[in-house]
Structures are given as structure tokens and as C-alpha cells.
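Here are the chains, one letter per residue:
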Amino acid sequence: MTIRFSEPTVGDKFLALIGRKRAVYIPTNIYKTFGPYVIVQAKKESFWRALFRAKDQNPPEGWFYPLNIFLEENSHA
């Protein structure tokens, strides 16, 4: 399965400037339906929801921060 992340927008850059992160969601049932040869576009969290969520609060169930996954992968290497 290939996962595509969209390029950072002005909203993403503004959130990063004030220390907020924007979570993404990747539908897991797509893999079961179409198999390993599928391309999935990650869905971004709403700008307003990311803006008004507390800085230390975890994202909703099923959502994650892409930077956290990248850092976890590199820490095991």
C-alpha cells in the first residue's frame, strides 16, 4: 500500500509557527478491500480543530501525527 501525504499548506505552516500539529487519518479498511496494490491519500484534520485543540492533547482515535511516525521509525534504526 502506498500512502500519499499532501504538501504543507499555509494553514499547516501557521499551525507549526504557533506550535500546533495537524493530524492525519488513513483508512485501514481500504487495504482489506483492495489488497496491497492500492494508493491512499491521507486525510488531513480540520485546520480549526487542530487550532483549538490543546497542545499536549493526543489526536482523536484513529488519527496520528505524521512526524511522530517518522521519528519512531528513525529511533529504531
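For the structure itself, consult the block above.
Below is a short write-up of the structure. Nothing here was measured: the structure is a model prediction, and the numbers come from that model.

1. With respect to the sheet that holds strand E4 (residues 43–44)
Logical step 1: Pairing is antiparallel across the open sheet formed by three strands, whose spatial order is E4-E2-E5. Of all strands in the sheet, those with a lone pairing partner are E4 and strand E5 (63–64), marking the two edges.
Logical step 2: One ladder, built from two bridges, connects strand E2 (residues 24–25) with E4; its direction is antiparallel. Pairing of Val 24 across the sheet is with Lys 44, part of E4.

2. A look at the packing of aromatic side chains
Logical step 1: Per the stated rule, a full pass over the model turns up four aromatic pairs.
Logical step 2: Both rings, one in Tyr 25 and one in Trp 63, keep their centres 5.5 Å apart while their planes meet at 40°; by these two values the pair is tilted. One end of the pair, Tyr 25, is in strand E2; the other, Trp 63, is in strand E5, and 38 residues separate them in sequence.
Logical step 3: With a centroid separation of 5.1 Å and an interplanar angle of 80°, the aromatic rings of Phe 47 and Trp 48 are classed as edge-to-face.
Logical step 4: Members of the aromatic cluster, joined through ring pairs, are Phe 14, Phe 47, Trp 48 and Phe 52.
Logical step 5: Over the aromatic face of Tyr 65 sits the side chain of Lys 21, whose NZ or CZ is 4.5 Å from the ring centroid.
Logical step 6: Here the basic side chain of Arg 49 rests over the ring of Trp 63, its NZ or CZ set 5.2 Å away from the ring centre.

Analysis parameters
Residues numbered from 1 in each chain as written. Predicted model: local features only at pLDDT ≥ 70, side-chain atom pairs only at ≥ 80, totals over all residues. Heavy atoms only, no water. Pairing = 2+ DSSP bridges. Helix = DSSP H or I, 4+ residues; strand = E, 2+ residues; numbered from the N terminus. Phe/Tyr/Trp six-rings, centres within 6.5 Å; stacked < 30°, edge-to-face > 60°. Lys NZ or Arg CZ within 6 Å of the ring centre and 35° of its normal.

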